[in-house]
Structure formats: structure tokens, C-alpha cells
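One-letter residues, chain by chain:
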Amino acid sequence: MSRMWIICSRELRATLGSVVAYVLLAVFLLLSGYFFYSDLTFILLISSFTPASGLWQWVFLDLRMVTMLIVPLITMRLFAEERKLGTLELLWTYPVRDFEIVGGKFIAAVVFFLFMLLPTAIPCALLYYYQPYPLGPLFAAYLGLILLGIGFIACGLLVSSLTENQVVSAMVTYGILVFFWFVTWNEEAANQAMLRVLLGLSLFDRYYDFTRGVIDTSDVTFFILFIAFFLFLTWQSLASRKWRGVP
Amino acid sequence: MISLSNVSKRFGRFTAIEDISFEVSAGEIVGLLGPNGAGKSTTMRIIAGVFPPTTGRALVAGHDIVAEPLAARAAVGYFPERVSAYQEMTVRSYLRYVGRMKGLGRAAASAQADEAMDACALAPVATRLIGSLSKGFRQRVGIAQALTAEPRVLILDEPTAGLDPEQVAEMRDLIRDLRHNRTVVLSTHILPEVEATCDRVIILHRGRIRAVDTPTQLSRRVQRSGRILVELNAPVEAAAQGLAAVPGVIGVEVQARSVDGAASLTVLTESERDLREALAAAVADRGWGLRELRSVAVSLEEVFLALVHDDTEESPS
């Protein structure tokens, strides 16, 4: 297990040592700050000031989009770069198990994502300072955003393990995430039973509950299963060298 | 130290290696030789633990690579064909990371990194980023990486590929220095390298073993006649006739005619007899000027071609 942390710390150092990480961080914070500001002015404009009811829903639905934009760019290099360099082959000759490799990289990406989210709490704290509000719904929304982001990471990790091209890695991840987003939009075409299944699978519909301040255990379970499923597939993708060979 | 028995590896319908069996004892340097696609890399990857064999059994330092993969991998240092390291790390921090990955503690990993840098003459670039190093240095970082944590077995997949002649010589010296109580398996295209470094050669072709022997024994196996190169100052036709008349000579091949009239001939002789003195006497008798006379050993290259291209015939004995 200790090797998982060694991989994780190397990964974090590599991430924080590159310019890309800071560009992503800057874009994420600029966009999230802008959305917070515009959502707040919008709420003040159309309603009397009751942030708890409406504001978080607006803000976190916007953050969802920014997260979707940024996370594939965090995950794209995780395995693709190692495949391209050939360092993945070396990792396989060290006394380390495949799940430790997957785990180390996954945790590193999650830590970076949480680090990125941290500054978004600043405007929330400022607002609380001037105009206290109930904290429960905010925490629920954050929990949802964190689960959603980690789900994106698990999905991006899988795609990254399948290619050695980082651009392909990011684009395919976008494709999958957008598919999960739009899968329930075509309500007219699907029959009711089908729609219920799709709604059950849709990350974004489940996320919606969190932004309204509702923590539903079935939603939490869904996200955990979603993450575990993609991590399992990533693990299998590494194991596929046994019958596919090493390019 | 390494033992492969009836190892085969298939990728889908493609058979990379078939029924490979060999043993390498401790302290031995063994060369894997073969054309591209012969199965050298696949064999080495199996020993290094990249993937398990489809069938057959492979033991490294007494550990079955399927049943105890981590113990087997811990005994091996691997230098891949595509030498690679994280570009954004310095040489020192990379080697420390490798030591930690191989199970060393922080202090031990640091000491091992210094030792490996010394062995591979990397000290001057210890704090440089790997991405900024020249090919020769990167190759050495790959070797240092394999040496870290003192593995008993070293697997080197084409350690001299892509280096300039000077670097090749350095790398060859380095490999010879490494052998102290280590078992080394290396693959290469370059035959003199095998002759210079290896105790034993395994020739692979189309995924199967074609021959296992020492480099000199292999030369002897395909040597069907002795050859002596003679260069002398004489009319070529007369020289060829004169030398062919010496008892024991099978034939004479004219190699070249130099500008000043000297003739260069290859004399084929019966394999057991050394005819150098008889030839020299024959030249002296006729009053020709003798410029050079030496016996030519069959090169490993010829051995290799003979073994590999004799595919349909029975293997040479």
C-alpha cells in the first residue's frame, strides 16, 4: 500500500510542477468567481434576498459545467503521458500491484481537484460574514460537487489509460461526460421505462438533488458505485497488457 | 537464477514466442540475439514481470513470476527497449523515486541513488532535468534505474541502440563492470557486442530458440572451412594458381586488385589444417612480395545468418 502513496506524491509533484496545473486553476477560479458574482446579482435582481433557497442551486449548476470543463484536462495526462514516455512499462516491472498504480494516480487527481475547489469557499464565507445563512444546503451542494468531480476523474482516468495521446484522452472524456449529461434530454423519444433507467444512470440528474440541499443516500451510493466501476475498468485496462501486449 | 521452461506467449492469434526453455546461472551474461520480431523483447518482458507467459513456467531468483510476481520483480532490474523516465524530474529525484518504488526506505533509496549515479557516471548531471539530457545520458539513467536497489538479475533490452560508437564502447564497459555477482540477460542487434560481452548466446528466430552456445563454439559450428587472407605483390592469375597448388588448399577467391598491382586473395583450406606457413613458403619460393597473411575467423554475423536463414533445412550441427 505504501507504494500507492509514493506514486500519488510523485504524481502530485509532477502536476504542481507544470504550468498546465496553474492555468487550469486560474481558469477554474476565474469562471467560478464570475458565476458566483453573476448568480448573486441575478438572485438579488429577481427576488428579495433569500440566498439559501435559490442561490446555491444556480451557483452549483454553473460550477458543474466549469468542473466538467476542467477535470478532463486534469486527468488526460495521468496514464496517457506514461504510455507515451514508456514509463508505464517500467512501473509494471517494479514490485507494485496494478491497483496501487490506479489508486495512486486517482488519489493524486482527487487531491488536486479538492485543492482547486478550496478557494471557491472564499466568496461563500464572505457572503456568510455579511448575511448569515443556513449552512446545511451549502454543504450538501459541496458534497454533490465533490462526488460529481470525483466521478469525472474516475471516468477520465479510464480513458487516459486507453490511449497515449493526451488530446484524444481529454476529447473522449468530454464525449462521455456530455453523453451522461444529455442522456435524459431526449425525453420524448424514450419510453417511460427507458427514461427511468436513463434518469437512474444520469450523473447530472442525481447531482441536481444535491444542489437543492438534499442528500439522498441512493444518490451518494450511486456516485460511489459509479466511481468504483470506472476504477475497476481502469484496473482491467492495465491488466489487458497480458493479452494485448505492450505497444 | 533464471529458469524458463516451455514458455509460450500469445497475443490473440499472434504467437510471439513458442516453447522457450533456458536456464541462466548466477553471474552469467547471456545474450539474446535475433532479427526484429524474433521474440527477444517478449522473452525479456516476461522475465522482468511486465506480463506473465500464456503457458509454461518462469522462475526468477527462485520465485515463480505468476505465483509470486512481486518477489520475482523485486529481484530484477529492467532496462526497456524504449528507454524512458519522467522528463520533469531531476536525475537524482527520479532515482530516489525508483528506489522507493522498489521498496527501499527513504534513506536507503537516497544512498542507492547516489551509488547508481556513481556506477553510471551520472554525478555531473544529478540535478539536471531528465528531459534536458542527451541520448547517451538518458540511456545511462535507464541503466542506473535498473541498478537501483541492487537487483540480482539485470534484463537489458538493446542497451546500446541509438548510441554513437564512443557511447557504445562506454556502455559495453559499463555492462562488463556490472557483472560482478549479477546475472545479466541482454539483447542486441550488434554482434561484436555479444562476442565482446556474453558468456553464452541464445539465438531466437520466429519465436523459437535456434541455438544456445558460447560465441566461439557457435563460430566453430558453422565453420566448414578455414580461411586465410593473403595479400601479395604479384600478377593475380599467377598468384591464384600458385596458391591453389599448395596441398590442403580447397580453393582461392580473388578479393581485390589494388592500384599498385598487389593482389588480395582468400584461400579456403581444409578446416583442421593451419596452412599459413606452407602458403608463406610457396609465396617466398616464387619470389613474390608478401604483404599480409592472416587467418580469418568466421564472424558471429555469418553464424547468425547461417542459423537464421537455414530455416527450412535442419539446424546446423
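Residues numbered from 1 in each chain as written. Chains lettered and ligands numbered in written order. Predicted model: local features only at pLDDT ≥ 70, side-chain atom pairs only at ≥ 80, totals over all residues.

**Thoughts on the overall build of chain B**
Step number 1: Tallying secondary structure elements over chain B gives 11 helices and 14 strands in all.
Step number 2: Excluding contacts between residues fewer than 6 apart, the proportion of contacts in chain B whose partners are at least 24 apart in sequence is 67%. (Helix = DSSP H or I, 4+ residues; strand = E, 2+ residues; numbered from the N terminus. Contact = placed C-beta atoms within 7 Å.)

**Notes on the overall build of chain A**
Step number 1: In terms of helices and strands, chain A carries 13 helices and zero strands.
Step number 2: Ordered by position from the N terminus, the helices and strands of chain A form the series α-α-α-α-α-α-α-α-α-α-α-α-α.
Step number 3: Each of the three principal axes of chain A carries a C-alpha extent, and together these read 65 × 45 × 30 Å.
Step number 4: Of the contacts formed within chain A by residues at least 6 apart in sequence, a portion of 78% connects residues at least 24 apart.

**What to know about the domain arrangement of chain B**
Step number 1: Examined at the domain level, chain B breaks down into domain 1 (2-220) and domain 2 (224-295).
Step number 2: Each of domain 1 of chain B and domain 2 of chain B was reduced to a C-alpha centroid, and the two centroids are 45 Å apart. (Domains from an automatic or database assignment.)

**Quick word on the packing of helix α1 (residues 2-16) of chain A against helix α6 (residues 98-117) of chain A**
All names here are of chain A.
Step number 1: Two elements in contact, α1 and α6, have axes whose closest approach is 8 Å; the angle formed by their N-to-C orientations is 45 degrees. As summarised for this structure, α1 and α6 are arranged oblique, according to the angle between their axes. The handedness of the crossing between α1 and α6 is right-handed. Side by side, α1 and α6 meet where Arg-3, Met-4, Ile-7, Cys-8, Glu-11, Leu-12 and Thr-15 of the first sit next to Glu-100, Ile-101, Gly-103, Gly-104, Lys-105, Ile-107, Ala-108, Val-111 and Phe-112 of the second. (Axes fitted to C-alpha atoms, helices over the stretch in contact; angles between N-to-C directions. Parallel < 35°, antiparallel > 145°, perpendicular 65-115°, else oblique. Left-handed = near helix turned anticlockwise from the far one by under 90°.)

**Quick notes on the interface of chain B and chain A**
Step number 1: At the junction of the two partners, chain B supplies 24 residues and chain A supplies 22 residues.
Step number 2: Of the residues that constitute the side of chain B that touches chain A, the class distribution is 14 nonpolar, four polar and six charged. (Nonpolar A, V, L, I, M, F, W, Y, C, P; charged D, E, K, R; others polar.)

**As for the pairing of strand β2 (residues 14-24) of chain B**
Step number 1: Where strand β1 (residues 2-11) of chain B meets β2 of chain B, seven bridges bridge the pair, whose relative direction is antiparallel. Within β2 of chain B, the position partnered with Arg-10 of chain B by the bridge is Thr-15 of chain B. (Pairing = 2+ DSSP bridges.)

**Some thoughts on the pairing of strand β9 (residues 200-205) of chain B**
Residues and elements named next belong to chain B.
Step number 1: Taking burial as the measure, the six residues of β9 include five buried ones, the bulk of the element.
Step number 2: When strand β3 (residues 29-33) meets β9, the two strands line up parallel, connected through four bridges. Along β9, the bridge assignment pairs Gly-31 with Val-201.
Step number 3: Between β9 and strand β10 (residues 208-213), which follow one another and run antiparallel, lie two residues, and Arg-206 among them has a positive phi close to 50 degrees. (Buried ≥ 20, exposed ≤ 12 C-beta atoms within 10 Å, placed from the backbone.)

**Digging into the sheet that holds β3 of chain B**
The strands making up a sheet associate through hydrogen bonds between their backbones, and the pairing can be parallel or antiparallel.
All names here are of chain B.
Step number 1: Strands sit in the order β6-β7-β8-β3-β9-β10 across an open sheet of six strands; the sheet is mixed. In the strand order of this sheet, the two ends are held by β6 (76-79) and β10, each with one partner. Across this sheet, the average inter-strand angle for adjacent strands is 15 degrees, counted without regard to direction.
Step number 2: Here helix α1 (residues 40-48) sits on the sheet and contacts β3, β6, β7 (153-157), β8 (183-188) and β9; the angle it forms with β7, its principal contact strand, is near 150 degrees.
Step number 3: Those strands touched by helix α5 (residues 135-147) are β6 and β7, and its axis lies near 165 degrees from that of β6.

**With respect to the environment of Asp-219 of chain A**
Residues and elements named next belong to chain A.
Step number 1: The topology assignment puts Asp-219 in helix α12 (residues 217-239).
Step number 2: For Asp-219, a count of 20 C-beta atoms within 10 Å corresponds to the buried category.
Step number 3: Between the C-alpha atom of Asp-219 and that of Leu-162, which follows or precedes it by 57 residues, the distance is 28 Å.
Step number 4: Not counting residues within four places of it along the chain, the set of residues in contact with Asp-219 comprises Arg-206, Asp-209 and Phe-210.

**Focus on α5 of chain B**
All names here are of chain B.
Step number 1: Here α5 is 13 residues long and its end C-alpha atoms lie 18 Å apart, about the 18 Å a rise of 1.5 Å per residue gives.
Step number 2: By the burial criterion, the buried members of α5 are Phe-137, Gln-139, Arg-140, Val-141, Gly-142, Ile-143, Ala-144, Gln-145, Ala-146 and Leu-147.
Step number 3: In this structure, the buried side of α5 is in contact with β6, α3 (91-101), α4 (106-119), β7 and α6 (165-178).
Step number 4: Residue Ala-149 follows α5 closely and has a positive phi angle near 70 degrees. (Expected span 1.5 Å × (residues − 1).)

**Some words on the nonpolar core**
General note: in soluble globular proteins, nonpolar side chains tend to be found buried as a group.
Step number 1: Of all hydrophobic cores here, the largest spans 129 residues; its most connected members are Ile-47, Ile-155 and Val-185 of chain B.
Step number 2: A per-element tally of this core places helix α8 (residues 136-162) of chain A first, with 14 residues.
Step number 3: Formed by 16 residues, the second largest nonpolar core is a distinct cluster that contains Val-230, Ala-239, Leu-265 and Val-267 of chain B. (Core = buried A, V, L, I, M, F, W, Y, C linked by C-beta atoms within 7 Å.)

**A short note on the sheet that holds β2 of chain B**
Step number 1: The antiparallel open sheet is built from four strands, whose spatial order is β2-β1-β4-β5 (chain B). If you trace the sheet from one side to the other, it starts and ends with β2 and β5 (63-64) of chain B, each paired once.

**A closer look at unusual backbone geometry**
Residues and elements named next belong to chain B.
Step number 1: With a phi close to 55 degrees, Asp-19 is a non-glycine residue in the positive phi region.
Step number 2: Here Asp-19 shows up in strand β2.
Step number 3: The phi dihedral of Arg-206 is positive, around 50 degrees, even though this residue is not glycine.

**Topic: the packing of α8 of chain A against helix α11 (residues 203-211) of chain A**
Residues and elements named next belong to chain A.
Step number 1: Two numbers describe how α8 lies on α11: the axes approach to 7 Å, and their chain directions differ by 160 degrees. Considered as vectors, α8 and α11 are oriented roughly antiparallel to each other. Both α8 and α11 take part in a crossing whose hand is left-handed. In contact with Ala-140, Ala-141, Leu-143, Gly-144, Leu-148 and Gly-151 of α8, α11 contributes Leu-203, Tyr-207, Phe-210 and Thr-211.

**Some thoughts on the confidence of the model for chain B**
Residues and elements named next belong to chain B.
Step number 1: Summing up the model confidence of chain B, the mean pLDDT is 85 and the portion of residues at 70 or higher is 90%.
Step number 2: Within chain B, the lowest mean pLDDT, 69, falls on helix α11 (residues 300-309), and the highest, 95, falls on α3.
Step number 3: Contacts of residues 312-317 to residues separated by more than four positions or lying in other chains number eight contacts, the stretch itself having pLDDT below 50.
Step number 4: Prediction confidence for the complex, expressed as pTM and ipTM, is 0.85 and 0.88 respectively. (pLDDT = per-residue confidence, 0-100.)

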